[in-house]
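Okay, here's what each chain looks like letter by letter:
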Amino acid sequence: MTNLESKALAAIYDQLLPSDFSQCNFNAVAERTGETVKVLRGVVTNLAKKGLAKVYSNGYVQLIQVEDTEWPCDFFSDEEWAEKKAKALAAA
């Protein structure tokens, strides 16, 4: 995994922190990483090819999903989410 992929994946997990009750889109990841949305589209496409993320449209915006859930707050505590983030970054 490249540094940019690691940076983007970490930002995605941070954006989806269960206590924030939020979803993740390209603009949110761009704000967290300092990269452009155009660059992140390619990076997230690579993460999707590796099975680490999914991109889907809700009809208004393209959302990024990890751990097969679009609302982690419904399933995980912040501590569990941090463990999943660490495992994903270590595995990739």
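Please read all numbers here as calculations on a predicted model, not as lab measurements.

Caption draft 1: Here's a closer look at the overall build of the chain. The number of helices and strands found in the chain is 4 helices and 2 strands. The C-alpha radius of gyration computed for the chain amounts to 12 Å, which stays within 12% of the reference 12 Å derived for 92 residues, consistent with globular compactness. By its C-alpha atoms, the chain is 30 × 30 × 20 Å across when sized along the principal axes. For the chain, buried positions account for 33% of its 92 residues. Relative to all contacts within the chain whose residues are 6 or more apart in sequence, the contacts with residues 24 or more apart total 57%. Working note: accessible area of the chain is about 5,300 Å², and carbon and sulfur atoms make up 49% of it. If you average the places of the 10 positive and of the 13 negative side-chain charges in the chain, the two averages end up 10 Å apart.

Caption draft 2: Layout of unusual backbone geometry. The phi torsion at Phe21 lies on the positive side, around 50°, for a residue other than glycine. In this fold, Phe21 is placed in the loop between helix 1 (3–15) and helix 2 (26–33). We classify Phe21 as exposed; its relative accessible area is 60%. With phi around 60°, Glu67 is a residue other than glycine that occupies positive phi space. Turning to its location among the elements, Glu67 is positioned in the loop between strand 2 (62–65) and helix 4 (78–91). Since its relative accessible area comes to 31%, Glu67 is described here as partly exposed.

Caption draft 3: Inspection of the pattern of salt bridges at higher detail. A complete count under the given rule lists 5 salt bridges for this structure. Put simply, Glu5 and Lys50 hold a salt bridge, and the shortest N to O gap is 2.8 Å. Of this pair, Glu5 sits in helix 1 while Lys50 sits in the loop between helix 3 (37–49) and strand 1 (54–57), and the two are 45 residues apart along the sequence. Two residues, Lys7 and Glu35, come together in a salt bridge whose shortest N-O distance is 3.3 Å. Residue Lys7 is found in helix 1, and its partner Glu35 is found in the loop between helix 2 and helix 3; the two are separated by 28 residues along the sequence.

Calculation rules
By convention here, each chain's residues receive numbers from 1 onward along its written sequence. Side-chain atom pairs in this predicted model are given and counted only at pLDDT of 80 or more, local residue features only at pLDDT of at least 70, and totals for whole chains, interfaces and linings cover all residues. Side-chain measures were taken over the full set of non-hydrogen atoms in the model, leaving aside hydrogen atoms and water. Runs of H or I in DSSP of at least four residues are treated as helices and runs of E of at least two as strands, each being numbered from the N terminus. C-alpha atoms define the radius of gyration in this analysis, and the globule rule sets the expected value at 2.2 Å times the number of residues to the power 0.38. Under the scheme applied here, a residue whose accessible area is under 20% of the maximum for its type counts as buried, over 50% as exposed, and between as partly exposed, the area being computed with a 1.4 Å probe on protein chains only. The contact definition used throughout considers only heavy atoms, calling two residues in contact when any of these lie within 4.5 Å. In short, Shrake-Rupley with a 1.4 Å probe defines the accessible areas, and a residue's cover is counted only from the protein chains shown. Residues scored as positive are Lys and Arg, those scored as negative are Asp and Glu, and His as well as the terminal groups of each chain are ignored. The atoms used to mark charge sites are NZ of Lys, CZ of Arg, CG of Asp and CD of Glu. Salt bridge, as used here, is a side-chain nitrogen of Lys or Arg placed within 4 Å of a carboxyl oxygen of Asp or Glu.

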